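# Examination of the molecular architecture
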Amino acid sequence: KNSRPLYYNNPMWPGEAHSLKVEEILYEGKSKYQEILVFKSLIYGKVLVLDGIVQLTEKDESAYQEMIAHLPLCSVLSPKTVLVIGGGDGGVLREICRHRSVEHIDICEIDELVITVCKEFFPALSIGFEDPRVQLHIGDAVDFLRNACEGMYDVVIVDSSDPIGPAQELVEKPFFQTIAKALRPGGVLCNQAESMWLHTHLIQDMLSICREVFKGSVHYAWTSVPTYPSGVIGFLLCSTDGPHVDFLNPVNPIEKQEAAVKLQSELRFYNSEMHKASFALPSFVLRELSTT
Ligand code: AAT
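The paragraphs below set out a description of the structure included in this document. (Residues numbered from 1 in each chain as written. Predicted model: local features only at pLDDT ≥ 70, side-chain atom pairs only at ≥ 80, totals over all residues. Heavy atoms only, no water.)

## Some remarks on the site of the ligand
Just so we agree on the cut-off: Nearness is defined per residue: one heavy atom within 4 Å of the molecule or strand is enough. As used in this structure description, the phrase polar contact means that two N or O atoms lie within 3.5 Å; if the pair is within protein, one of them must be able to donate a hydrogen and the other to accept it, and residues adjacent in sequence are counted only when both atoms belong to side chains. In this description, accessible areas are obtained by the Shrake-Rupley approach with a 1.4 Å probe, and a residue is regarded as covered only by the protein chains that are shown. Two kinds of site are reported from a 1 Å grid over the protein atoms alone, namely cavities, where a 1.4 Å probe fits but cannot get out, and pockets, open sets with protein on both sides within 12 Å along at least five of seven lines, and residues are called lining when an atom falls within 4 Å of a point. To decide whether a molecule occupies a pocket or cavity, check its atoms: if more than half lie within 2 Å of the grid points, it is inside. In this description a helix means any DSSP run of H or I spanning at least four residues, a strand means any run of E spanning at least two, and both kinds are numbered starting from the N terminus. Throughout, the ten residues Ala, Val, Leu, Ile, Met, Phe, Trp, Tyr, Cys and Pro are labelled nonpolar, Asp, Glu, Lys and Arg are labelled charged, and all others, Gly among them, are labelled polar.
Around the ligand, the structure places 27 residues, and the nearest of them are Q34, D89, E109, D159 and P166. D159 places a polar side-chain atom, nitrogen or oxygen, 2.9 Å from a nitrogen atom of the ligand. If the ligand stood free it would expose 670 Å²; the protein chains cover 99% of that surface. Placement of the ligand is best described as lying within the largest cavity. Breaking the shell around the ligand down by element, the ones donating at least two residues are α1 (61-73) and β6 (104-109). Looking at side-chain class alone, the shell around the ligand contains 11 nonpolar, 10 polar and 6 charged residues.

Following this line, the structure appears as structure tokens:
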């Protein structure tokens, strides 16, 4: 349609766009917060797009959801309470639910329509909402965290969209401070942290905020997601003051967990080798991130 915006003008990646052949448009709508689009692509299966930005495709969603969930969950012994910010498709919930030790998962998603649409078009992801340990909260994560109990969570996962639109405040210092407060001593945050090829300044800013706010360890990891801008996406892993967390050598390896054989055959991307490898950074990234 002529009315569609020109997506190569997105300020997060000016002058750049990635194209996927649309076989069929399955859903187009607008919520209070964003435009929602679901289409069937030629090679990547169904695709979820928010405000013109690909959030997931059926073909490569496992790379993102498995890494953002298991990197933090395998870095602490016996995680029990988890908070997910964003993640309305349910894929991160699906991954967290694989951990038997987990007793309670809160999820705070701002846009109820994302959940409704994903339940219809992405049942393999939204299955995450069916687990009885999951409690859904519809609202802005900034407010949710302001009211969260102190020291309540072992792990917080921020699976949020890019910081334009409803996720703007989710890269600012007060937000990270409320997360640190909501974590128990030695608790862990894993935060979606954009592309090392496109957003080194944003990553630098987030890193320096997190180094001030989180008194344990702070690391950057990354993975390959072909349909995200530049084909990679990063994660910020931080721990609060308390028992030391060694992110690089998982203390709670996925291979050693209960029902591990079944679990490993279900995982498409994550394993302990991928975990360790994800912290290796190219020289230009090491240089740019070390000065902050
Ligand atoms: N797993 C899919 C990947 C996502 S989804 C990001 C979700 O964060 C969206 O459903 C959006 O509605 C939600 N969200 C945005 N802002 C807020 C907020 N303030 N509070 C709660 N939820 C919010 C992310 C893909 C990353 C793509 C990188 N280019």
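## Focus: helix α6 (residues 173-182)
In plain terms, the rule: The rule is simple: take the accessible area with a 1.4 Å probe, protein chains only, and divide by the maximum for that residue type; under 20% is buried, over 50% is exposed, in between is partly exposed. Between two residues, a contact is recorded if the distance between any of their heavy atoms is within 4.5 Å.
For α6, the full list of buried residues reads F175, F176, T178, I179, A180 and A182. Looking at the buried side of α6, the elements it contacts are β5 (81-86), α5 (141-146), β8 (153-159), β9 (183-192) and α7 (200-213).

## Brief notes about the packing of α6 against α7
Keep this limit in mind: Angles shown run from 0 to 180 degrees and are taken between the N-to-C directions of axes, each axis being a line fitted to C-alpha atoms and, for helices, limited to the stretch in contact. Angular relationships are summarised with four words: roughly parallel below 35 degrees, roughly antiparallel beyond 145, roughly perpendicular across 65 to 115, and oblique for the angles in between. With the far helix as reference, a near helix turned anticlockwise by less than a right angle produces a left-handed crossing, and one turned clockwise produces a right-handed crossing.
At a minimum axis separation of 10 Å, α6 and α7 run at an interaxial angle of 40 degrees. One element, α6, and the other, α7, form an angle in the oblique class. Both α6 and α7 take part in a crossing whose hand is right-handed. The residues of α7 that touch α6, namely those facing K173, F176, Q177 and A180, are M206, I209, C210, E212 and V213. When grouped by side-chain class, the residues that make up the contact of α6 with α7 number 6 nonpolar, 1 polar and 2 charged.

## Examining the pairing of β8
The line we're drawing: Should DSSP find at least two bridges between two strands, the strands are regarded as paired. Crossovers are marked right-handed if the path from the first strand over the helix to the second runs clockwise, as seen with the strands pointing away from the viewer.
With 7 of its 7 residues buried, β8 lies for the most part within the structure. The pairing of β5 with β8 spans 5 bridges and is parallel. Among the inter-strand pairings, I85 is bridged to a residue of β8, identified as V158. Two elements, β8 and β9, share 5 bridges in a ladder whose sense is parallel. When the bridges of β9 are listed, V155 appears paired with V188. Between β8 and its parallel partner β9, the chain crosses via α6, and the hand of that crossover is right-handed.

## A short note on empty space enclosed by the protein
Just so we agree on the cut-off: Grid points are joined across faces, edges and corners, and a volume is the space filled by probe spheres set on the points.
Taken as a whole, this structure holds 3 cavities of 30 Å³ or more when the rule is applied. If you add up the space inside the largest cavity, you get close to 480 Å³. For the largest cavity, the lining is made up of 37 residues, of which Q55, D159, S160, S161 and D162 are closest to its centre. Of all the secondary-structure elements, those providing two or more residues to the lining of the largest cavity are β3 (46-50), β4 (53-57), α1, β5, β6 and β11 (232-239). Sort the elements by how many residues they give to the lining of the largest cavity and β4 lands first, with 4 residues. A class-by-class count of the residues in the lining of the largest cavity yields 19 nonpolar, 12 polar and 6 charged. When its volume is computed, the second largest cavity comes out at roughly 50 Å³. Residues belonging to the lining of the second largest cavity are distributed by class as follows: 5 nonpolar, 4 polar and 1 charged.

## A closer look at the environment of G91
Position of G91 relative to the elements: it lies in helix α2 (residues 91-96). Given a relative accessible area of 0%, G91 falls into the buried group. Sequence spacing of G91 and A221 is 130 residues, and the spatial spacing of their C-alpha atoms is 20 Å. In this view, G91 contacts Q65 and L125; residues no more than four positions away in its chain are not counted.

## Side note on the packing of aromatic side chains
Definition in use: Working definition: a ring pair exists when centres of Phe, Tyr or Trp rings (six-membered ring for Trp) sit within 6.5 Å. Plane angles under 30 degrees give stacked, over 60 give edge-to-face, the rest tilted.
On inspection of all chains with the given rule, the structure shows 5 aromatic pairs. Here the aromatic rings of Y64 and F235 are separated by 6.0 Å at their centres, their planes lie at 35 degrees, and the arrangement is tilted. One end of the pair, Y64, is in helix α1; the other, F235, is in strand β11, and 171 residues separate them in sequence. A ring pair is formed by W197 and F284, whose centres lie 4.9 Å apart and whose planes are at 35 degrees; its orientation type is tilted. One end of the pair, W197, is in the loop between β9 and α7; the other, F284, is in helix α10 (residues 283-290), with 87 residues separating them in the sequence.

## Description of the nonpolar core
Heads up, the condition is: Here, the term nonpolar core denotes a set of buried Ala, Val, Leu, Ile, Met, Phe, Trp, Tyr and Cys residues that are joined through side-chain atoms within 4.5 Å.
Among the nonpolar cores identified, the biggest contains 40 residues, and I85, V156, F175, F176, I179, L189 and F214 are the most heavily contacted of them. Here the element with the most residues in this core is α7; it accounts for 7 residues. F175 has contacts with I85, A141, V142, L145, V158, E169 and L170, leaving out every residue within four places of it along the chain. Counting 38 residues, the second-largest nonpolar core is a separate cluster that includes V188, F247, I254 and L263.

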